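Structural features, examined
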Amino acid sequence: MERLGTADTPAGALRNILDGWFYTLEEDVLAEGTVSADDRAELLDRTNTLMEKRLAAVSQSTPVFAVALRGYHKARTDGDVALADGIAAWLAGQPNVAASVKKQVGIKGDIDHFGAMGFLQGLLTVLRDSGLAGLYLVLDEVETIQRARGTHETRA
């Protein structure tokens, strides 16, 4: 997803999309009128609750997606840019994310071909909630995907 782009960010738009989504969630929480914008702890908690609700279907098959997003949001809220960048890199499927980053958030390993579909579903939820019209997907190395699918079907 390192080449994920939008109209205003031709490449590397994942962080902007995530930040925009969390902004939208916070605005939705504030619109309820039960939380003050000054109560950062309560706003974070309520935003995470709303995030969990919106990602409920995705979390059933891929709970680590919401775990990573929650960690990303907390890191951004706390001003820990390095941690937020590491989590965003992991969400984007980068293979060389430091183990210390993953440990701080409670995630393990890398995104494999079995988890990728759940992450795609989560990304589609984030895009939809952000008001972005859709996703144009280019698959590179389709033969690798076909081999992975064949391996998965053999196990079934």
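These numbers were taken from a predicted model, which means no experiment stands behind them. Throughout, a residue's number is its position along its own chain's written sequence, starting from 1. It should be noted that, the model being predicted, local features are given only for residues of pLDDT at least 70 and side-chain atom pairs only at 80 or more, the latter also being counted only at that level, while totals for whole chains, interfaces and linings use all residues. Side-chain metrics in this entry use all non-hydrogen atoms of the structure; hydrogen atoms and water are not considered.

Quick word on the overall build of the chain
Counting its secondary structure elements, the chain contains 8 helices and 0 strands. Elements are defined by DSSP. Helices are runs of H or I of four residues or more, strands are runs of E of two residues or more, and each kind is numbered from the N terminus. Each helix and strand of the chain, placed in order from N terminus to C terminus, yields the pattern α-α-α-α-α-α-α-α. Here the chain holds 156 residues, and the buried ones make up 35% of them. Across the chain, every contact between residues at least 6 apart in sequence was considered, and the portion connecting residues at least 24 apart equals 48%. Residue-level accessible areas treat just the shown protein chains as cover; the underlying method is Shrake-Rupley with a 1.4 Å probe. With the model as given, the accessible surface of the chain reaches about 9,500 Å², and the carbon-plus-sulfur share is 53%. Each residue's exposure class comes from its accessible area (1.4 Å probe, protein chains only) as a fraction of the maximum for that residue type: buried when under 20%, exposed when over 50%, partly exposed otherwise. Contacts are residue-level and defined by heavy atoms, with any inter-residue pair within 4.5 Å sufficient.

Quick look at the environment of Y136
Of note, Y136 is situated in the loop between α7 (116-129) and α8 (142-155). Measuring from C-alpha to C-alpha, the distance between Y136 and L4 comes to 9.4 Å, with 132 residues separating the pair along the chain.

Concerning the pattern of salt bridges
Between Lys or Arg on one side and Asp or Glu on the other, a salt bridge is scored when a side-chain nitrogen of the former is within 4 Å of a carboxyl oxygen of the latter. Tallied over the entire structure, the rule returns 10 salt bridges. Residue D28 pairs with R54 through a salt bridge whose shortest N-O separation is 2.8 Å. One end of the pair, D28, is in helix α1 (residues 14-31); the other, R54, is in helix α2 (residues 40-54), and 26 residues separate them in sequence. The class for D28 is partly exposed, based on a relative accessible area of 30%. Between K74 and D78 there is a salt bridge, with its nearest N and O atoms 2.6 Å apart. Taken together, the positions of K74 and D78, both in helix α4 (residues 63-78) and 4 residues apart, correspond to about one turn of that helix. Exposure remark for K74: the relative accessible area of 44% places this residue in the partly exposed category. When salt bridges that share partners are traced, they join D28, R54, R128 and D129 into one network.

Points about the packing of aromatic side chains
The criterion for an aromatic pair is that two Phe, Tyr or Trp rings (for Trp, the six-membered ring) have centres within 6.5 Å, with stacked assigned to planes under 30 degrees apart, edge-to-face to planes over 60 apart and tilted to the rest. Tallying each qualifying case throughout the model produces 4 aromatic pairs. Summarising the aromatic geometry, the rings of F65 and F119 are spaced 5.1 Å apart at their centres and angled 85 degrees between planes, so their arrangement reads as edge-to-face. Residue F65 is found in helix α4, and its partner F119 is found in helix α7; the two are separated by 54 residues along the sequence. What makes F119 buried here is its relative accessible area of 8%.

Scope: geometric values only; no functional claims are made or implied.
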